[in-house]
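# Coordinate inspection notes
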Amino acid sequence: MIIEVKKQICDGHLYKWLIAAGLAWLEHNHERVNQLNVFPVPDGDTGTNMLLTMKRAYEEIANLNEPHVGIVSEAVARGALMGARGNSGVILSQLLRGFAQRLHGHENFDAYLFSEACKSAVDMAYKAVITPVEGTILTVARLAKDTVVEKATQESSLLELLTLMVNAAYDALQKTPDLLPVLKKAGVVDSGGQGFVFILEGMLRLLRGEVVTMARDSVLANGEHWQDALVPEDEEGYGYDVQFLMYGKDMDVNVVRATIDAMGWSTLVVGDDKLIKVHVHVHDPGKPISYAIGLGVAIDDVVVENMQMQYQGYVEERIGREAGTGADVDGVAVVTVASGDGMRKLFTQDLQAAHVVSGGQTMNPSAEDFLAAIDKIPNKEIILLPNNKNIIMAARQAASLARDNQVRVVPSRSIQQGIAAMFAYVNTRETDVSLDEITQAMTNALNNVISADVTNATRSVEFDGVAVEEGHFIGLLDGTLVAAGDELFEVVGQLLRKANASEKELITLYYGAGQDEAQARALVDYLIHDFGSQEFEVVAGGQPLYPYIISIE
Amino acid sequence: MTFKKIRFVTDSVADIPADLAEKWQIKIVPCYVNYDGESHLDDGKDLVRGEFFRKLPSMRTMPTTAAPSVGITEKAITEAAQDADHVVIVTTPAKLSGIYNAMRLGASNIPPEKVSLVDSGMVTMALGWQVIVGAEVAAETGDVQKVLDAIQRVRDNEKLYAGLATMEFLRRGGRVGWAAASIGALLQIKPILNVKDGEVTPLARIRTFGKAVEKLVELTREQAPLDRLAIIHANNLSGAEDLKRQLGDVVPENTIIIEVGPTLGVHIGPGALGVIPVSKSWRQ
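As the structure is a prediction and not an experimental result, all values here were calculated from the model. Starting afresh in each chain, residues are numbered from 1 along the sequence in its written order. The naming scheme follows written order: chains are lettered A onward, ligands numbered 1 onward. The predicted nature of this model means local features are confined to residues of pLDDT at least 70 and side-chain atom pairs, given and counted, to a pLDDT of 80 or more, with totals for whole chains, interfaces and linings taken over all residues. Where side-chain values are given, they derive from all heavy atoms of the structure, hydrogens and water being excluded.

### Section: the layout of surface pockets
Short version of the rule: Only protein atoms enter the 1 Å grid used here, on which a cavity is any set of points holding a 1.4 Å probe that cannot leave and a pocket is any open set flanked by protein within 12 Å on both sides along at least five of seven lines; residues with an atom within 4 Å of a point are listed as lining. Grid points are joined across faces, edges and corners, and a volume is the space filled by probe spheres set on the points. Each helix is a run of DSSP H or I of at least 4 residues and each strand a run of E of at least 2, with the numbering of both proceeding from the N terminus. Following the grouping adopted for this structure description, the nonpolar residues are Ala, Val, Leu, Ile, Met, Phe, Trp, Tyr, Cys and Pro, the charged ones are Asp, Glu, Lys and Arg, and the polar ones are all others, Gly among them.
Its boundaries defined by the atoms lining it, the second largest pocket holds a volume of some 640 Å³. Residue lining of the second largest pocket: 27 residues in total, with Asn427 of chain A together with Ala204, Arg205, Ile206 and Lys215 of chain B positioned closest to the centre. Per element, the largest residue contribution to the lining of the second largest pocket is six residues, and it comes from strand S10 (residues 199–206) of chain B. The residue makeup of the lining of the second largest pocket, split by class, is eleven nonpolar, eight polar and eight charged.

### A look at the confidence of the model for chain B
The following threshold applies: The predictor attaches a confidence to each residue, called pLDDT, with possible values from 0 through 100.
Overall, the predicted model of chain B reaches an average pLDDT of 89, with 95% of residues at or above 70. Across the interface, the model reports ipTM at 0.79; the global pTM reads 0.65.

### Focus: the sheet that holds strand S1 (residues 6–11) of chain B
Residue and element names in this part refer to chain B. As a reminder, the rule being used: Strand pairing requires that DSSP identify at least two bridges connecting the strands. Angular values range over 0 to 180 degrees, each being the angle between N-to-C directions of two axes fitted as lines to C-alpha atoms, with helices fitted over their stretch in contact. Residue contacts are defined here by distance: any two heavy atoms, one from each residue, within 4.5 Å place the two residues in contact.
The strand order across the open sheet formed by four strands is S2-S1-S6-S7, and the pairing between neighbours is parallel. Two strands close off the open sheet at either side, each with one partner strand: strand S2 (26–29) and strand S7 (115–119). Neighbour to neighbour, the strand axes of the sheet diverge by 20° on average, direction disregarded. Two elements, strand S6 (residues 86–91) and S7, share five bridges in a ladder whose sense is parallel. By the bridge assignment for S7, isoleucine 89 is matched with leucine 117. Here helix H4 (residues 99–106) sits on the sheet and contacts S1, S2, S6 and S7; the angle it forms with S7, its principal contact strand, is near 175°.

### What to know about the packing of aromatic side chains
This is how it is decided: Aromatic contacts are taken between Phe, Tyr and Trp rings whose centres are within 6.5 Å, Trp giving its six-membered ring; a plane angle under 30 degrees counts as stacked, one over 60 as edge-to-face, and the others as tilted. Per-residue accessibility, obtained with a 1.4 Å probe over protein chains only, is compared with the maximum for each type, and a residue is labelled buried under 20%, exposed over 50%, and partly exposed between these values. Whether a charge lies above a ring is judged from NZ of Lys or CZ of Arg, which has to be within 6 Å of the ring centre and within 35 degrees of the ring normal.
Tallied over the entire structure, the rule returns seven aromatic pairs over all chains. On the numbers, 5.6 Å between centres and 20° between planes, the contact of phenylalanine 109 of chain A with phenylalanine 114 of chain A is stacked. In terms of burial, phenylalanine 109 of chain A and phenylalanine 114 of chain A fall into one category: buried. When the ring of phenylalanine 52 of chain B is compared with that of phenylalanine 53 of chain B, the centres are 5.5 Å apart and the planes differ by 70°; the resulting orientation is edge-to-face. For the pair shown, phenylalanine 52 of chain B and phenylalanine 53 of chain B are each scored as buried. Three or more aromatic residues joined by ring pairs make a cluster, and in this case those are Tyr15, Phe99, Phe109 and Phe114 of chain A. A cation over a ring is seen here: arginine 205 of chain A above tryptophan 25 of chain A, with NZ or CZ 4.0 Å from the ring centre.

### Quick notes on the packing of helix H9 (residues 209–221) of chain B against helix H10 (residues 237–247) of chain B
All names here are of chain B. Condition: Geometric relationships in this document are graded by angle, where less than 35 degrees denotes roughly parallel, more than 145 denotes roughly antiparallel, 65 to 115 denotes roughly perpendicular, and other angles denote oblique. Here a crossing is called left-handed whenever its near helix is offset anticlockwise from the far helix by less than a right angle, and right-handed whenever the offset is clockwise.
Packing of H9 against H10 leaves a shortest axis separation of 10 Å and a crossing angle of 50°. What the angle tells us is that H9 and H10 run oblique. Here H9 runs over H10; the crossing is right-handed. Judged by residue contacts, Val213, Leu216, Val217, Thr220 and Arg221 of H9 engage Leu243, Gln246 and Leu247 from H10.

### Regarding a negative patch on the surface
Going by this rule: Residues form patches when they are more than 30% accessible in relative terms and have no salt bridge. Like charges link within 9 Å. Nonpolar side chains (Val, Leu, Ile, Met, Phe, Trp, Tyr) link within 5 Å. Working definition of accessibility: Shrake-Rupley area with a 1.4 Å probe, residue cover restricted to the visible protein chains. Definition used for salt bridges: Asp or Glu carboxyl oxygen within 4 Å of a side-chain nitrogen of Lys or Arg. When charges are counted, Lys and Arg contribute as positive and Asp and Glu as negative, whereas His and the chain ends are disregarded. In plain terms, the charge of a residue is placed at NZ if it is Lys, CZ if Arg, CG if Asp and CD if Glu.
Residues Glu469, Asp486, Glu487 and Glu490 of chain A make up a contiguous surface patch of negative charge. Along the chain, glutamate 469 of chain A falls in the loop between strand S13 (466–468) and strand S14 (473–477).

### Some details on empty space enclosed by the protein
Residues and elements named next belong to chain A. Under the counting rule described, the total for this entry stands at two cavities of 30 Å³ or more. Taken together, 25 residues make up the lining of the largest cavity; nearest its centre are Phe99, Phe114, Met165, Leu200 and Met203. Put simply, the parts of the chain that give the lining of the largest cavity at least two residues each are helix H1 (12–35), helix H4 (86–103), helix H5 (111–128), helix H6 (137–151), helix H7 (158–179) and helix H9 (191–208). Here the lining of the largest cavity gets five residues from one element, more than from any other, and that element is H9.

### A few points about the pairing of strand S7 (residues 333–338) of chain A
All names here are of chain A. By the criterion of burial, S7 is predominantly enclosed, with six of the six residues buried. The two faces of S7 match: Ala333, Val335 and Val337 on one face and Val334, Thr336 and Ala338 on the other face are all buried. Note: S7 against strand S9 (residues 381–385), four bridges, orientation parallel. Within the sheet, the bridge partner assigned to threonine 336 lies in S9 and is leucine 385.

Here's what the structure looks like:
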């Protein structure tokens, strides 16, 4: 592939390559984006969300051999829209959509049209957000666009223009902590903005002829055929995941790494001459272990996991989960989002949700996931209940894309709000009321509860005067950090005091994966000293990452 | 048409306060309540309601109500007939209890033109209001047909809603089919029940009792302006008084607060509150 560096015109072919390069560079760096946690919650999925969005966008043009840039950019926008996940992913999809709108009917673009398309892209992105927040991907895109618009009149080389654009985007990214205090306190730049910069950088690297590695599997498997996509390529199956520590002296990490790597795949060998951590996937777990023993060193923390069985378990679980677990209801049906068996059961059995899309804080479903769920149920009138502030936009996208159904969104920001809304649903749906009346009743019910969550901090930070250490428990009240500490019960107690729970009636503890009912009961016994006149209820939620999700009402 | 002297007979499920029963000379036939292997008469002496509800949670088996014997109903109806031109009998729904049948058999010695038997379709003071209004109209008009019309109009214009502090007794009773169904299986609920035509149906599932009481207030206000109001409770007098305060200006004069009898009480359980408003529209 030879790119003419002074190119002044971009056609459909080049645009396709630019998208591919942006995707490849984002893929290469998306873990770095994930690590830019704005908040000490395991929410590190911005990079993954943006990557999934870009993958889906590229999938739409992967087999397209089309010189017309209007057509190619429209396909990119369509794919991005379908794959958009998380706030940053959705905003990214809107940038691509606005860009494509301006290119409609144009076979190619020059510097001027590029600047016009950038304007359209930023306008579209700002419109997509109800209250645009500065210091995010929006700011980075806007300031980058300003530079392009300013320079496009003097600079006709797309390479030069893109260079100026990337520099402007990078400068804007560095300013995000000044614009958004939450970033400054956490000592990071905005993750979505960083993801956007990586995409632009990838494009620039392509134009400069620099290496942009393209991962083999960067085209997303079609979600409908996920089982086929997951079948291991290796006839022997997925094999075993082997991890251990090697204690010795005068060990050579490079030699160990090379030897272990020859035995299997996904090799990760790190350490020094005295201590080495080995991680490798193999078919015969005996091989790497015997090798280490053969070196005359001590090994410890040996973990061998059968990935083939884990894979089969996952497939079984997913089939079971996807097979008609929702309630059959007449009239208006609800599609909601939850993770954890207990939560799923609660929504479908007790609260009559027609379908539960798997997801939540760490895995934001896309608009396409919602549309697929809507397709699965026969009802024509649908209410989407996202249960997370980062999923509301994807739900709204799905509502606007749905063709054959009337779809409304009840913007629940937490699981607790979702449950409160579902009570309004079960109370109104039996009476003869319209879709909009049910939507209104559910929306009104959102504030019937206070949402409190307990999770672990993923990094050390000082936040609103609360000192948080990595791994400590933190308590969030309606999404705001209010409590932290290394004792789970104490953090829950602090959290309830901040919520003025002693003035409320009912405290429901949904315990997560890794907790059990006995622990939850012990927590109630602990809390009852301070909250003697409140009623406690303990429910198995099974949600990941959050030991307790608590509703106070 | 000559002015007829009309007397009323009902059963203890009506929860009519003693002073009103005396004022209107209403004969109340006590039902039996069977629990812990013994049969008790719901007459305020053998069975004291407050005490009954305190014991209810620890009773090993679910108490049941039993109809009075035909001997008892016959005695009450015959006594009423002795000093009246006509007897109006208003009972607990035949769907729920054998009382209606016991009354029917107990009235068989009275000439049919001298007695009217009405299935109220209701329990507690929703049955009680039908009897009391019937007695008032009888005293005013002495006209059996007008009395029966008035009873029907009260029935059409009254509501009975109950808010439950717990689902436990509804489940134990097993009478309410939906209570055993899935809703409320994983999360506790404080249901609002609607009683109409002898059927108990869920009206709303609510998470906290405070919100359930708010819902009762809202449902009562929907019936305003009110001609009458009874507030019932199961061992929760202070809750009933709070509820009355929350109702504010829609509360009519002579509102009755009364402890509900065991027939409905065993199903709704201690702590429950209920409202029985009669809308002014019954008079039209």
